[in-house]
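An overview of the molecular structure
Here's the letter readout for the chains.
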Amino acid sequence: MKGVVKPLVVAALCAGFAGMALAQAKPARVDFGKREFDANCASCHGLSGKGQGPLVEMLTKSPPDLTLLAKNAGGVFPMARLYDVIDGANVPSHGSRDMPVWGREYKIQAGEYYVDVPYDPDAYVRARILALLEYINRLQAK
Ligand code: HEC
């Protein structure tokens, strides 16, 4: 019996280590939406999206609770409306909004990033806003 158990244990250990090596070789998944939100939105909206970011005291309007967007819209995440809110394209630049206009901001960033490489500024802006919306959708209260 002893002679059989030992090779089995060795084989199991080898399989275990091989599994660990494989798991480590897999690149860590980058959560673009979360990264973007934590970097650019959490200062006002808070990491949880509930509106308790450190900049809140400096705002004239308090940021809404972003985890209740779907609930407040009858259970459906209002994707198109929020896209426009974040993009800000239809917002007068001297309006009363405390919320920054991200479409313009991202377009400027794209220009700084690509410099003289051809790129599509609208696609760049769209990808970043959609990543954010996908993340905010995941923050929705059930
Ligand atoms: C300087 C503070 C500030 C930052 C930074 C900020 N927001 Fe806002 N946000 C606000 C305020 C204040 C409001 C309330 C609307 C207003 O401005 O009148 C708001 C409103 C919103 C709304 C509207 C919700 C609704 O129902 O209309 C969404 C969505 C939103 N923000 C998402 C974002 C995202 C995504 C980012 C990051 C890319 C971001 N915000 C960054 C302050 C901020």
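Structure shown above.
These numbers were taken from a predicted model, which means no experiment stands behind them.

Residues in close proximity to the ligand total 21 residues, the closest being C41, C44, P63, D98 and M99. Among the secondary structure elements, those contributing two or more residues to the shell around the ligand are α3 (42-45) and α5 (79-87). Taken together, the residues that form the shell around the ligand break down as 15 nonpolar, three polar and three charged.

Here the focus is unusual backbone geometry. Look at V115: it is not a glycine, yet its phi comes out positive at around 45°. By the secondary structure assignment, V115 is in the loop between α6 (102-114) and α7 (121-138). Given 7 C-beta atoms within 10 Å, V115 falls into the exposed group.

This next bit is on the packing of α6 against α7. It is the contact of α6 with α7, at a shortest axis distance of 9 Å, that shows an interaxial angle of 125°. Considering their axes alone, α6 and α7 lie oblique with respect to each other. The interaxial crossing formed by α6 with α7 has right-handed handedness. Contacts between α6 and α7 pair W102, G103, Y106, K107 and A110 from the former with P121, Y124, V125, R128 and I129 from the latter. Residue composition of the contact of α6 with α7, grouped by class: seven nonpolar, one polar and two charged.

What follows concerns the environment of F37. Tracing the backbone through its elements, the reader meets F37 in helix α2 (residues 32-40). In sequence terms F37 and L47 are ten residues apart; their C-alpha atoms lie 7.8 Å from each other. The residues contacting F37, other than those within four sequence positions of it, are A42, L132 and Y135.

So, how was this worked out
- Residues numbered from 1 in each chain as written.
- Predicted model: local features only at pLDDT ≥ 70, side-chain atom pairs only at ≥ 80, totals over all residues.
- Near = placed C-beta within 6 Å.
- Helix = DSSP H or I, 4+ residues; strand = E, 2+ residues; numbered from the N terminus.
- Nonpolar A, V, L, I, M, F, W, Y, C, P; charged D, E, K, R; others polar.
- Buried ≥ 20, exposed ≤ 12 C-beta atoms within 10 Å, placed from the backbone.
- Axes fitted to C-alpha atoms, helices over the stretch in contact; angles between N-to-C directions.
- Parallel < 35°, antiparallel > 145°, perpendicular 65-115°, else oblique.
- Left-handed = near helix turned anticlockwise from the far one by under 90°.
- Contact = placed C-beta atoms within 7 Å.

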